[in-house]
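Each chain, written out:
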Amino acid sequence: MSSLSRELVFLILQFLEEEKFKESVHRLEQESGFFFNMKYFEEKVHAGEWDEVEKYLSGFTKVDDNRYSMKIFFEIRKQKYLEALDRQDKAKAVEILVNDLKVFSTFNEDLYKEITQLLTLGNFRENEQLSKYGDTKTARNIMLLELKKLIEANPLFREKLVFPTLKSSRLRALINQSLNWQHQLCKNPRPNPDIKTLFTDHTCIPPNGAIAPTPVNLPTATVAKPAAYTPLGAHVQPFPPNAAVGNANALAGWMANAAAASSSVQASVVTASSLPMPPNQGAILKRPITPPAPLGMVEYQNTDHEQLMKRLRPVPPVEEVTYPTIRHQPSWSIDDLPRTVAFTLNQGSSVSSLDFHPSLHTLLLVGCTNGDITLWETGMRDKLVSKPFKIWEMQTCTLTFQAAAAKDVLFSVTRATWSPDGAFCGAAFSKHLIHLYQYMGPNDLRQHLEIEAHAGAVNDIAFAHPAKQLCVVTCGDDKLIKVWDMNGRKLFNFEGHEAPVYSICPHQKENIQFIFSTAMDGKIKAWLYDNIGSRVDYDAPGHWCTTMLYSADGSRLFSCGTGKDGDSFLVEWNESEGAIKRTYTGFRKKSAGVIQFDTTKNHFLAVGEDSQIKFWDMDNVAILTTTDADGGLPNIPRLRFNAEGNLLAVSTADNGIKILANASGMRSLRSVEPQTFEALRSPLEAAGIKVSGSNVGNVTPISCKVERTSPIRPSPTINGVESMARNMEKPRATEDGNDVIKPWQLTELIDPTHCRTVTMPDSTDASNKVARLLYTNSGVGILALGSNGIQKLWKWVRNEQNPSGKATASVTPQHWQPNSGLHMTNDISGVNLEEAFPCIALSKNDSYVMSAAGGKVSLFNMMTFKVMTTFMPPPPASSFLAFHPQDNNIIAIGMEDSTIHIYNVRVDEVKSKLKGHQKRITGLAFSTNLNILVSSGADAQIFIWSIDTWEKRNSVPIQLPAGKAPSGDTRVQFHSDQVRLLVAHETQLAIYDASKMERIRQWVPQEPLSAPITCAAYSCNSQLVFASFYDGNIGIFDADTLRLRCRLAPHAYMSQAATSGGQTVTPVVVAAHPQEPNQFAVGLADGSVKVIEPIESDGKWGTSPPADNGVLNSRSGSSASNHAPDQVHR
């Protein structure tokens, strides 16, 4: 089949899907074999419709096509067989065994015999390998995960799992273009063509032989985009101009009419009577309405000729309306936007919602994915209140909710918001509940009300003032919108959506209160506070998750959201017509999640997307400017302006919040700061503020960025000391002049009581040192690879002592193994383990681990410990492994012969071989922000490679001490901003700006940490660096300055035996917990693995060394190095 014919099939599939011909869609998918609909496949598996599952699969593969296909069919038929046994339907089980499973006996006769023996058991769970088989639903879910992996790995499904990116109704659009073209070729083109069929070409015939209108002679340049047609995309013109008399179709009009018609009050809230409408207008309002597009589609199925003719009137497209050209000098400037990073707040958990107080402009409310509610005074950088999630009154909740809460204790905040007067704040949660708090003043946030508002997730919460009575509006997965008074009494229950309600937008126009709501099918509805139902029903761009907001003065309405295909939209609505007024441009092709937006000053829009903040002028569809906030933003950051528009809070990828400000915002922050800020901090910190002046930028240790490509400023710093004259300033005394500030002291932990430590059970083996160490990405386990090639896994169990189930030093974990008793043992045949360089990498979903120990690379299943496949047999042997961050099938493999292989597991092929290093590869790190791979080697060189072309971009040597030959491991790890790069070598720690490969900071071993460095790693939030040393010491450094803040002596975490006899066991590797910034693990040369945390009363590792106050203690590890300082870049 030709390429165009194939594309036509995709257009037909899209058309069938839009027209709801569900069965036809899936039959065409199967018969053509062009697109495998994973969602449909999942539905049929979950439903246990096995015949349909195999029939659908048969359009893409057969049992004996390849090993992946065979495994897919085997898993399906095995599940069908086990379900029959579980129902005690032995006859059906025998039928499946003979007709469906027999085919596999020729490939694995022993397995077939074992399956047959299950018939003899009263319960097949008596078989050891099936002992953990749960209920049918759970078993299907587990099997489906395996099937999806097999399908994704199967080359026969390559390029068939993703539907092409098409604009909606693409086939209709092509037909419409054809009709337009045919009309241009008419000899007698009529202004209102009567198009009744697609079976023949269109021509305009003069009616009753009358003289035809003068032909329209269009210039050639205009034929491609004729202006003779109106936008034909609207199925029904929702708000036609001639309906303005009735005011039923203009949002402002229908609200006004509703007000005039309403004279009753129900439940102390204004309600409205039914709206006056023209005949059959009510039916029109209830029909789905798609906003007009510049070039739409004739609704050729519609036989209502009169209505069709109205739609065909030659008016310009909505988005091509011209406006008066009178231009006034703008009263705003781009500098009014808060784009300068003032500082970063460490929230400590992932931020899901932000909202500034309506009148206290520096007071920030934060909701987190772990359920916490936090109140920050941003001017003081102070966390005033933190409310961990808990259910206030479990006994008042429904039994359904109590059962759900018992199964899953994880509640996340979906939205946190202030009431309009700032007296209350509310939080909606991912399960059933909302919490209302009363704000009584600083540090005083009191519980007010807990409501079990919805069945399932509560997706949004807002405050409203119908009849001047404060109410709470909520929406949820149960497809409902509810209104509550402040005593928890339900006032209204709005029904009408056919999908979960995603967001709500209460508003007031001309004293009429109403609510916009958007659902996850893209439907937008509007409600008055009555029981009549939705007044408006139309479609949002993208047809998925959308949020609506008004400008600050309430005069302009905007919506922003993302479609299921990843296309994002930001539009302004024409309320009088219910149509889109303008669509803003500047989004990337595919967003990884639903984008968020905000408005400010009646003039600007801001959207978080692509790890940036993008700004628009409301009157211009083109993007105004962007900022990456000095880097470190997640792909879809949360954001919120304060009421004055001079501050912008933005979530970061490392569980923090960046506060961006303009000049006015900086002044606001400083005005809050002087007295309260100093009073709440230690004398030294306060003095540091006085010494450096009141400038906000001097309070934070992170420098503002100079160049837009780099989040940090290079500075001549070694071991945290800058060779600036201002370092010679002497410390000032306190305000009264009586007390002299004591110098900062390094925190030194030398006793086991100074920290919390837990040793992994069954880990000590003097002959098997820990070569590599990883936390699982979920944070519930630790994986260690020994020098003998065997991997061990320890997991923490969720219980009363450890309700989160995460790794902790307070609870001893279990040495985990599958029931089969298998070990994850690497191929070491013919390997001299003394000369091998074990390496390991873990997939993002913790399903697979890849490792090697001098032999072939093995891919293990983390649940069964079975080897899925092996590849890359030596020589040369692999020495470092890294998964591509965006594709688990692509692996970068560093080799002993100094090359790097880019290997595709799916096709078992080396795609590229990178050459440049002179010795074996010792480190690999990807940056998706910079689109690069960084490699380090035993030659003390760092190379930069393009991910797109795999060509070398740059290389730099690390600066070694005089006379030191290049040798030993050099490790690299990216900061969470994906720009700063930590480089660890036995002679130094260094921070580089990877965008230019310039060194910014360097620390070299000296007292009290003078031994060679064995390993180093960033904490999960990239604010600390954990470094282990050959003599057993561990140093905790400030990540921005590389100043030592805490030393952990060997006696503090090792056993007495490990430190006795004058020889201390060496910590070989260190790993940081993926969610807990103060937890790390070390692997020792005696095979033991330990998890270490600060004591609970401290909660952190020491205190940050003061930046530039001239009173650093001599034991701070901050004395000047003999190395030449880095060059200053101005």
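Structural data are supplied above this passage.
Residues numbered from 1 in each chain as written. Predicted model: local features only at pLDDT ≥ 70, side-chain atom pairs only at ≥ 80, totals over all residues. Heavy atoms only, no water.

Caption draft 1: Molecular detail of the environment of D977. Within the secondary structure layout, D977 lies in the loop between strand 52 (971–974) and strand 53 (980–985). Put simply, D977 and S1022 are 45 residues apart on the chain and 8.6 Å apart in space, counted from C-alpha to C-alpha. Reaching out from D977, the side chain makes a polar contact with the backbone nitrogen of V979 at a distance of 2.8 Å. Of note is the side chain of D977, whose polar atom sits 2.8 Å from the side chain of R980. (Helix = DSSP H or I, 4+ residues; strand = E, 2+ residues; numbered from the N terminus. Polar contact = N/O pair within 3.5 Å; in protein donor to acceptor, adjacent residues only side chain to side chain.)

Caption draft 2: Summary view of a negative patch on the surface. On the surface, E834, E835, E896 and D897 cluster together to form a negatively charged patch. One can find D897 in the loop between strand 45 (887–895) and strand 46 (900–904). We classify D897 as partly exposed; its relative accessible area is 40%. (Patch = residues over 30% accessible without salt bridge, like charges linked within 9 Å, V, L, I, M, F, W, Y side chains within 5 Å. Areas by Shrake-Rupley, 256 points an atom, 1.4 Å probe, with all protein chains shown as cover. Salt bridge = Lys/Arg side-chain N within 4 Å of Asp/Glu carboxyl O. Lys, Arg positive; Asp, Glu negative; His and termini not counted. Charge placed at Lys NZ, Arg CZ, Asp CG, Glu CD. Buried < 20%, exposed > 50% of the residue type's maximum accessible area, 1.4 Å probe, protein only.)

Caption draft 3: Representation of the sheet that holds strand 22 (residues 568–574). Taken in spatial order, the 4 strands of this open sheet run 20-21-22-23, and their pairing is antiparallel. Edge strands, defined here as strands with exactly one partner in the open sheet, are strand 20 (545–550) and strand 23 (579–583). Ignoring strand direction, the axes of neighbouring strands in this sheet form an average angle of 30°. As defined by bridge partners, strand 22 adjoins strand 23 across 4 bridges and the pair is classed as antiparallel. (Pairing = 2+ DSSP bridges. Axes fitted to C-alpha atoms, helices over the stretch in contact; angles between N-to-C directions.)

Caption draft 4: Quick look at unusual backbone geometry. Cis geometry marks the peptide bond from P875 to P876; its omega dihedral reads -5°. The topology assignment puts P876 in the loop between strand 43 (867–871) and strand 44 (878–884). The backbone of N655 shows a phi angle near 65°, a positive value even though the residue is not glycine. Along the chain, N655 falls in the loop between strand 29 (647–651) and strand 30 (656–661). A positive phi angle, close to 85°, is found at S898, a residue other than glycine. Looking at where S898 falls in the secondary structure, it is placed in the loop between strand 45 and strand 46.

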